[in-house]
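Descriptive analysis of the structure
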Amino acid sequence: VVKGAAEDKSESPSRQTPPGSFPVHLVRVKGSPLGWNLDLLDDKAGFICDVASSKTSVLQVYNTSTPDEKQVKPGDYLREVNGEREMVKMTGILQDDSIRELNVVVQRPHVFAHTVEKGKGKSLGLELRFGPRTSSILIAAIVEGGAVHAAGLDIR
């Protein structure tokens, strides 16, 4: 059983969901996988690399029962699990099969393109993180004096 969760309008400002986010209520079924591949490089959000096509996964059951704009998709971010926003705590909850109900907050990515003129002998000035089995690169920091910093890009 999986259903979309209604937004709680009584949230305090510090607990409001980020822009482009929506709540998802998942109920685990014994023996069924959650159905996503998470990249956990960032300590603020899990990157959803893949959504399993298995019709019995908890996430696929949810996605087939909800409108497209509320479906969880590859490229989305997992921002909160059962009220927790720290990645270590969220991971612990997700790995605990005894927790049947998962109230998660999913955020759509903000995608943009920008050309940066690097210049000869100049570094882009990016501190990057990546994992052995991931399909993403995390921009951990923008280094002062690099081409990206000089371009004035606001990347978070």
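Residue numbers restart at each chain and count upward from 1, following the sequence in its written direction. Residue-level local features of this predicted model are given only where pLDDT is at least 70; pairs of side-chain atoms are given and counted only at 80 or more, and the full residue set underlies all totals for whole chains, interfaces and linings. Derived side-chain values reflect all non-hydrogen atoms in the structure, with water molecules and hydrogen atoms excluded from consideration.

1. Observations concerning the environment of Val148
Inclusion rule: By definition, any uninterrupted DSSP run of H or I lasting at least four residues is a helix, any uninterrupted run of E lasting at least two residues is a strand, and each is numbered from the N terminus. Accessible area is worked out with a 1.4 Å probe on protein chains only. A residue is then buried under 20% of its type maximum, exposed over 50%, and partly exposed in between. By definition, residues are in contact when any of their heavy atoms lie within 4.5 Å.
Relative to the helices and strands, Val148 is located in helix 3 (residues 147-151). Given the relative accessible area of 5%, Val148 is considered buried. Between the C-alpha atom of Val148 and that of His114, which follows or precedes it by 34 residues, the distance is 9.9 Å. In this view, Val148 contacts Val116, Leu124, Leu126, Ile142, Leu153 and Ile155; residues no more than four positions away in its chain are not counted.

2. Some thoughts on the pattern of salt bridges
When their charged atoms lie close together, side chains carrying opposite charge are able to pair. What counts is decided by this rule: Salt bridge, as used here, is a side-chain nitrogen of Lys or Arg placed within 4 Å of a carboxyl oxygen of Asp or Glu.
As enumerated under the stated definition, the model contains 6 salt bridges in all. In this structure, the salt-bridge partner of Asp43 is Lys44, at a minimum N-O distance of 3.9 Å. The partner of Asp76 in a salt bridge is Arg108, and the shortest N-O contact between them spans 2.4 Å. Within this pair, whereas Asp76 is found in the loop between helix 1 (58-64) and strand 4 (77-81), its partner Arg108 is found in the loop between strand 5 (101-107) and strand 6 (126-129), the two being separated by 32 residues in sequence.

3. Regarding the side chain of Glu80
Definition in use: Any pair of N or O atoms that falls within 3.5 Å is considered a polar contact. Within protein, one atom must be able to donate a hydrogen and the other to accept it, and sequence-neighbouring residues count only if both atoms are side-chain atoms.
Topologically, Glu80 is positioned in strand 4. One polar contact links Glu80 to Arg85, side chain to side chain, over a distance of 2.7 Å.

4. Structural notes on the side chain of Ser21
Take Ser21: it is sitting in strand 1 (residues 21-27). Once residues lying within four places of it in the same chain are set aside, the contact partners of Ser21 are Val105, Val106 and Gln107.

5. Structural notes on the sheet that holds strand 1
Note the following rule: Between any two strands, pairing holds if DSSP finds at least two bridges. Axes here refer to lines fitted to C-alpha atoms; in helices the fit is confined to the stretch in contact. Angles between the N-to-C directions go from 0 to 180 degrees.
Taking strand neighbours across the sheet as the criterion, the 5 strands line up as 1-5-4-3-2 in an open arrangement whose pairing is antiparallel. In this open sheet, the two edge strands, each paired with only one partner strand, are strand 1 and strand 2 (36-39). When strand polarity is set aside, the average angle formed by the axes of neighbouring strands in this sheet is 40°. Relative to strand 5, strand 4 is paired through 4 bridges, and the arrangement is antiparallel. Directly across from Val81, in strand 5, lies its bridge partner Val104. Each of strand 2, strand 3 (46-51), strand 4 and strand 5 touches helix 2 (residues 87-95); the most contacted strand, strand 4, lies at about 80° to it.

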